[in-house]
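Structural features, examined
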Amino acid sequence: MNTRKNLFILMTALVMILTGIASAQSENDPAAQIEAKVTNTNYKYNDKTGSVIFQIDTELTNNSNAGIMEIKYRLHFLDKNGEEMETATGVFNGQDTPLAPGKSTSHYRGGQFAAENKPNDICVEVLSALTEEEMPPIYLPKAGDHVYRVLNNKNLENIKEEPPIAVRLWIDHGGARDEALLETPEEIASFVDAFTKVRILEESDIWVTDNYNGVSMEFSNGEYLWISLNLNNLEYEVYGSWHVYELTDDEDFWQQMYGLTKPVNHSNEYTLGGS
């Protein structure tokens, strides 16, 4: 009898320990402190493709004590019987501004999936969350900023003191490319002088197809940097989101871009960076 009693006490203690560990892990998990609530649903059925087009707004609330930079969540689309029809994953990212403790934000997720009918209901679950310590905010360029100072790259920030050892320029003409490879100190110094004058005018929502221009640089420490230019605008990626910026004070820069590049000789292609 004593043996059974001791075993019961041991098992009870073990359950309490495991429960305590699970509770502590839950408290330390940022995702457990995020509340997600669907606030708006819009469905359209496409008869031609047999698919549901959805537009969903989800309110995300940070109930933790830390700033949250990224939240991944999953939407579950349910039919009239409560059975799951499909799922879709959404990702909120604060870019340069974490979601502060006690604050909420609305996140949009759109898409489509094959189905015979529109969903009857929807529910949402939080999959993961990253704090601002785990994923630090990244500065987004502002009007008036010099480009070389705001792309989160130490080599670029020090380009005047430690210029690249090679620079490649390319201009895209709907698939055909003109390129130039700058390697002499004089060529590189002229490029750096023109490039460091370029500043941000404003963020834009203008995208141009088949005009994917750019610059790549090789530095003496063995590191490379690629800068994407959509026609004459800067493309800049931060945590998976692309931003487009119109530029100013860029006359000398574009004079070199268009003046130095020549049609590519495919029998003797350059090997420095690019896309």
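The structure we're discussing is the one just above.
So, how was this worked out
- Residues numbered from 1 in each chain as written.
- Predicted model: local features only at pLDDT ≥ 70, side-chain atom pairs only at ≥ 80, totals over all residues.
- Heavy atoms only, no water.
- Axes fitted to C-alpha atoms, helices over the stretch in contact; angles between N-to-C directions.
- Helix = DSSP H or I, 4+ residues; strand = E, 2+ residues; numbered from the N terminus.
- Parallel < 35°, antiparallel > 145°, perpendicular 65-115°, else oblique.
- Left-handed = near helix turned anticlockwise from the far one by under 90°.
- Contact = heavy atoms within 4.5 Å.
- Nonpolar A, V, L, I, M, F, W, Y, C, P; charged D, E, K, R; others polar.
- Pairing = 2+ DSSP bridges.
- Buried < 20%, exposed > 50% of the residue type's maximum accessible area, 1.4 Å probe, protein only.

Two measures define how a pair of helices packs: the angle their axes make with one another and the distance between the axes. Put simply, helix α3 (residues 185-195) and helix α4 (residues 251-260) touch, their axes get as near as 7 Å, and they point 140° apart. Taken together, the axes of α3 and α4 are oblique relative to one another. Regarding α3 and α4, the two cross each other, and that crossing is left-handed. Listed contacts from α4 to S190, F191, A194 and F195 of α3 are D252, F253 and Q256. Residues of the contact of α3 with α4, tallied by class, amount to four nonpolar, two polar and one charged.

Take the sheet that holds strand β7 (residues 166-173) next. Two strands in a sheet stick together by hydrogen bonds in their backbones, pointing the same way (parallel) or opposite ways (antiparallel). Pairing is antiparallel across the open sheet formed by eight strands, whose spatial order is β9-β13-β12-β11-β10-β7-β8-β14. Single-partner strands in this sheet number two, and they are β9 (199-204) and β14 (262-263). Strand direction decides the pairing type here: strand β12 (residues 233-238) and strand β13 (residues 241-248), joined by five bridges, are antiparallel. Looking across to β13, one finds that Y236 is bridged to H243. Sheet contacts for α4: β7, β8 (176-182), β10 (212-218), β11 (224-230) and β14; angle to β7, the most-contacted strand, approximately 75°.

Overall, antiparallel pairing links the three strands, which are arranged β1-β2-β5 in an open sheet. At either margin of the open sheet sits one strand with a lone partner, and together these are β1 (34-46) and β5 (104-114). Geometrically, the sheet is characterised by an average inter-axis angle of 15° between neighbouring strands, direction not taken into account. Sheet topology note: the β1/strand β2 (residues 51-62) ladder contains 12 bridges and is antiparallel. Residue pairing across strands places N42 opposite Q55, the latter belonging to β2.

The next thing to look at is the pairing of β10. β10 sits mainly inside the fold: five of its seven residues count as buried. Joining the antiparallel neighbours β10 and β11 is a turn of five residues, in which G222 adopts a positive phi near 90°.

Honestly, that's just the spatial picture; any functional story needs more than this.
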